[in-house]
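Summary of structural features
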Amino acid sequence: MQKKLIALAVAGLVSTGAFADSTAVTVYGVADLSFDFVKTSGGVAGSQTGTYTRVSSNSSYIGFKGTEDVGNGMKALFQFENGVGADTGAMFNSARDTYAGLAGAYGDIKLGTLTTPTRALGSAIDVNAGWAGIGSSAALTNTSGFDTRQTNTAQFTSANFSGFSGALAYISGENKTASGNPAKADGRAWDLGLNYNNGPILAGLTYANGKARDGVDSQTKNTRVAGAYDFGMGSVRALWNQVKFENNVGLNSKQTTWGLGGTF
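In this text, all values refer to a predicted model and were calculated from it rather than measured experimentally.

**Let's talk about the pattern of salt bridges**
Tallied over the entire structure, the rule returns five salt bridges. Across the pair Glu81 and Arg96 runs a salt bridge whose closest N-O atoms are separated by 2.7 Å. On the criterion of sequence distance, the pair formed by Glu81 in strand 5 (residues 74-85) and Arg96 in the loop between strand 6 (90-95) and strand 7 (98-104) is long-range, its members being 15 residues apart. Accessibility assignment for this pair places Glu81 and Arg96 in one class, buried. A salt bridge links Asp97 to Arg149, with the shortest nitrogen-to-oxygen separation between them at 2.6 Å. Linking Asp97 in the loop between strand 6 and strand 7 with Arg149 in the loop between helix 2 (117-125) and strand 9 (150-158), this pair joins segments that are 52 residues apart in sequence.

**Observations regarding the layout of surface pockets**
Empty space among the atoms can be located by rolling a probe the size of a water molecule over them. Considered as a void within the structure, the second largest pocket measures approximately 410 Å³ in volume. Of all the secondary-structure elements, those providing two or more residues to the lining of the second largest pocket are strand 8 (107-114), helix 2, strand 9, strand 10 (164-172) and strand 11 (188-198). For the lining of the second largest pocket, the element with the highest residue contribution is helix 2, accounting for four residues. A breakdown of the residues in the lining of the second largest pocket according to their chemical character gives eight nonpolar, eight polar and three charged.

**Points about the nonpolar core**
If you look at the biggest cluster of nonpolar residues, it comprises six residues: Leu121, Ile125, Leu202, Ala226, Ala228 and Leu239. Broken down by secondary-structure element, the contributors of at least two residues to this core are helix 2 and strand 13 (219-230). When neighbours within four sequence positions are excluded, Ala228 is seen to be in contact with Ile125, Pro200, Ile201, Leu202, Val236 and Arg237.

**A few points about a nonpolar patch on the surface**
A cluster of nonpolar side chains, namely Val70, Met74, Leu102, Ile109 and Phe156, defines an oily patch on the protein surface of about 410 Å² accessible area. Checked against the element boundaries, Met74 lands in strand 5. Note on Met74: relative accessible area 31%, which makes it partly exposed.

**Describing the packing of aromatic side chains**
Per the counting criterion, the structure on display carries five aromatic pairs. Measuring from centroid to centroid gives 6.2 Å for Tyr28 and Tyr61, while their planes differ by 70°, and the two rings are edge-to-face. One end of the pair, Tyr28, is in strand 1 (residues 23-30); the other, Tyr61, is in strand 4 (residues 61-71), and 33 residues separate them in sequence. Take Tyr28: its relative accessible area is 18%, and that puts it in the buried class. Judged by centre distance (5.6 Å) and plane angle (55°), the ring pair of Trp190 and Tyr207 falls under tilted. Here the residue Trp190 occupies a position in strand 11, and Tyr207 occupies one in strand 12 (residues 201-211), the gap between them amounting to 17 residues. According to the relative accessible area criterion, Trp190 is partly exposed, its value standing at 36%. Lying over the aromatic face of Tyr28, Lys65 brings its terminal NZ or CZ to 5.0 Å of the ring centre. Above the face of the Tyr61 ring, Arg96 is positioned so that its terminal group lies 4.1 Å from the ring centre.

**Examining helix 2**
Within the span of helix 2, buried status applies to Pro117, Thr118, Arg119, Leu121, Gly122 and Ile125. In this structure, the buried side of helix 2 is in contact with strand 9, strand 10, strand 11, strand 12, strand 13 and strand 14 (235-246).

Cut-off values and rules
- Residues numbered from 1 in each chain as written.
- Predicted model: local features only at pLDDT ≥ 70, side-chain atom pairs only at ≥ 80, totals over all residues.
- Heavy atoms only, no water.
- Salt bridge = Lys/Arg side-chain N within 4 Å of Asp/Glu carboxyl O.
- Helix = DSSP H or I, 4+ residues; strand = E, 2+ residues; numbered from the N terminus.
- Buried < 20%, exposed > 50% of the residue type's maximum accessible area, 1.4 Å probe, protein only.
- 1 Å grid on protein atoms, 1.4 Å probe; cavity = no way out; pocket = protein on both sides within 12 Å on 5 of 7 lines; lining within 4 Å.
- Points joined across faces, edges and corners; volume = space filled by probe spheres on them.
- Nonpolar A, V, L, I, M, F, W, Y, C, P; charged D, E, K, R; others polar.
- Core = buried A, V, L, I, M, F, W, Y, C linked by side-chain atoms within 4.5 Å.
- Contact = heavy atoms within 4.5 Å.
- Patch = residues over 30% accessible without salt bridge, like charges linked within 9 Å, V, L, I, M, F, W, Y side chains within 5 Å.
- Areas by Shrake-Rupley, 256 points an atom, 1.4 Å probe, with all protein chains shown as cover.
- Phe/Tyr/Trp six-rings, centres within 6.5 Å; stacked < 30°, edge-to-face > 60°.
- Lys NZ or Arg CZ within 6 Å of the ring centre and 35° of its normal.

Below you can see the structure in the form of structure tokens.
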């Protein structure tokens, strides 16, 4: 029995080596925990107020990604990434960018849960990109939804040509049943981005459009313009964003947001 186990172990090592020769797999992640002393007041009914302590897992996550050469200059690629709630012991508590795809000389195409162009441009400009800790900003009252990772998404991202690149994402609604409506809804959205990133200059323009197909033809339109200049020891950044909410019963609204930032 012992000899058989040794033989199996050796066979396992050989097969693992063969796999590693054809596919490069990386395990990565972040463990970002903090002990917080919190004092809150003036909250709405039912919210936590007063003075208390807590352990926060913040943006901790673990991921697995890899590529494999499939010939003719093409590579298959995958990534599985998930949030980790180390403070509560929840190993996988939120979906992050998770996909499979193909990459070639002109760019790549991915299918899965993805950061689409609007969110990507905001993260590139934000001096607090990835914030999730005790000092995180309050959410806006009305948001377009394009600053979150999008599920059921197909996205093409071009290669970089002298600093210029583009991306187009299509977000499928998967014919989910509309709330309060026996008919099927076919909500869908698309998100287009054009970027210039060369040397000290970063500039981008994105436009996203989403249709809920909810009986009143709810529609969201999001336009974003942003740029940054890196001096080496520091940078300046600016962003302008406008989101419009429209439907066929006249309940329309518009929200404009802008921001200035700098790093040193």
